[in-house]
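Here is what each chain is made of, one letter per residue.
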Amino acid sequence: MRVGLLGLGRIGAFHAATLSALVDELVVSDADQSRAEEVAERLKARVGDPFDADAVVIATPTATHAELLVRACDLRVPAFCEKPAAPGVAETIRVADAAERSGTVVHIGFQRRFDAGYTAAREALRSGELGTLHRVHMITADPAPPAPGYVPMSGGIFRDCHIHDFDILRWVTGREVESVYATGANRGAAFFAEAGDVDNSAALLTLDDGTLVTLQGSRYNGAGYDVRMELAGTLRTRAVGLDPRTPLTSTEGLQPPGEPWPDFVTRFDAAYVAEMSAFLAAARGERESPCTAQDALAALYIAEAADLSRRDDRPVRLLEVAK
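Not measured: the values here are computed from a predicted model.

**Student:** Would you explain the overall build of the protein in this entry?
**Tutor:** From N to C terminus, the protein includes 12 helices and 13 strands. For the protein, the proportion of its 323 residues judged to be buried stands at 53%. Counting contacts in the protein only where the partners sit at least 6 residues apart, residues at least 24 apart contribute 67% of the total. In the protein, 33 side chains carry a positive charge and 46 a negative one; their mean positions are 2 Å apart.

**Student:** What should I look at first to understand the packing of helix α5 (residues 116–127) against helix α8 (residues 163–173) in this one?
**Tutor:** Helices that pack against each other are described as a pair by the angle of their axes relative to one another and the distance between those axes. In contact at an axis separation of 8 Å, α5 and α8 are set at 40° when each is read in the N-to-C sense. Our classification of the angle between α5 and α8 gives oblique. Mapping the contact onto sequence places Y118, T119, A121, R122, L125 and R126 in α5 and I168, W171, V172 and T173 in α8. Taken together, the residues that form the contact of α5 with α8 break down as six nonpolar, two polar and two charged.

**Student:** Would you mind showing me how to read the side chain of R112 here?
**Tutor:** Relative to the helices and strands, R112 resides in the loop between β6 (106–109) and α5. A polar contact of 3.0 Å, which involves the side chain of R112, links it to the side chain of T140. Contact partners of R112, with chain neighbours within four places excluded, come to Y118, T140, H164, D165, I168, Y225, V227 and F268.

**Student:** When you look at the sheet that holds strand β3 (residues 46–47) in this model, what are you seeing that I'm missing?
**Tutor:** Sheet strands pair via backbone hydrogen bonds, and the direction of the pair is either parallel or antiparallel. Spatially, the six strands line up as an open sheet ordered β3-β2-β1-β4-β5-β6, and their pairing is parallel. Either end of the sheet is taken by a strand with one partner, and the two such strands are β3 and β6. Relative to β6, strand β5 (residues 79–82) runs parallel, the two sharing four bridges. Bridged to F80 within β6 is H107.

Here is what the cut-offs are and how they apply
- Residues numbered from 1 in each chain as written.
- Predicted model: local features only at pLDDT ≥ 70, side-chain atom pairs only at ≥ 80, totals over all residues.
- Heavy atoms only, no water.
- Helix = DSSP H or I, 4+ residues; strand = E, 2+ residues; numbered from the N terminus.
- Buried < 20%, exposed > 50% of the residue type's maximum accessible area, 1.4 Å probe, protein only.
- Contact = heavy atoms within 4.5 Å.
- Lys, Arg positive; Asp, Glu negative; His and termini not counted.
- Charge placed at Lys NZ, Arg CZ, Asp CG, Glu CD.
- Axes fitted to C-alpha atoms, helices over the stretch in contact; angles between N-to-C directions.
- Parallel < 35°, antiparallel > 145°, perpendicular 65-115°, else oblique.
- Nonpolar A, V, L, I, M, F, W, Y, C, P; charged D, E, K, R; others polar.
- Polar contact = N/O pair within 3.5 Å; in protein donor to acceptor, adjacent residues only side chain to side chain.
- Pairing = 2+ DSSP bridges.

Geometric values such as these leave the question of function open.
What follows is the structure, encoded as structure tokens:
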């Protein structure tokens with residue numbers, strides 16, 4: 001199988017290393033030609049046209065995603081793309097329409113769906129082990145903020161960071177979000193506020209069956225990278241993300257024995273590999289697309305509602321933003 005890869009930044013380089021062990025031939029491309037040549041030499045890949053392949057992986061800047069995905073659909077080349085599919089709703093709809101019209105596999109990168117903990121939580125809920133779900137709590141907290149220049153182009157904390165929470169919430173529970181009431185605060189560097197963004201966030205989401213979901217986030221979690229999900233049912237409660245490297249210490253003396261997770265790539269290393277394997281299987285026609293452009297659109301609608309809620313300081317129903 002010959003696979004093309006566009007973009008060799010941090011996550012692109014990670015995917016390149018993964019793909020080099022999974023495919024027969026890897027073709028890489030990057031705006032920085034010297035970087036592409038270095039990666040190709042190191043991984044025994046070659047520099048060339050990534051669309052001249054059996055499948056393509058897109059890890060370029062967000063603003064380029066929609067055009068590249070539509071091109072893949074026009075060429076009928078199965079495509080994996082890091083989230084988001086596009087910066088906004090209209091472009092994401094364009095991608096989803098192109099995928100449906102062409103019948104091309106499009107997989108948007110929500111790697112938490114392939115993490116063992118989230119998978120086990122989903123199975124426990126679906127099997128009835130938890131009873132009837134009543135409450136969900138989620139946390140996504142980065143140990144340090146991104147570069148100042150990234151923030152104005154990120155779409156804000158709900159589209160950039162919490163969109164992973166919104167996707168995994170839908171996937172684990174099998175429910176849709178009906179309304180969002182979100183807020184945020186600026187407790188750190190001025191560049192967040194200058195970009196109209198916040199560095200700490202909170203939200204209350206109501207699912208279509210009445211289940212209440214609370215969400216918290218931060219760009220300044222000095223203890224380490226912290227991503228968790230708690231599902232409380234009438235019979236049992238399950239937590240995802242409580243492991244030997246969780247950056248959380250109890251005042252009663254319980255302390256994880258390992259070093260805290262430093263970043264998302266380290267925390268989800270195995271999930272990224274499993275996700276790429278699943279995409280390649282879909283590209284070969286061995287399974288359905290595991291995370292479609294329609295899934296990306298559904299998560300984006302929740303992020304849009306959350307951002308509108310924060311700005312207007314009011315609850316927002318998904319019907320207000322869904323097209």
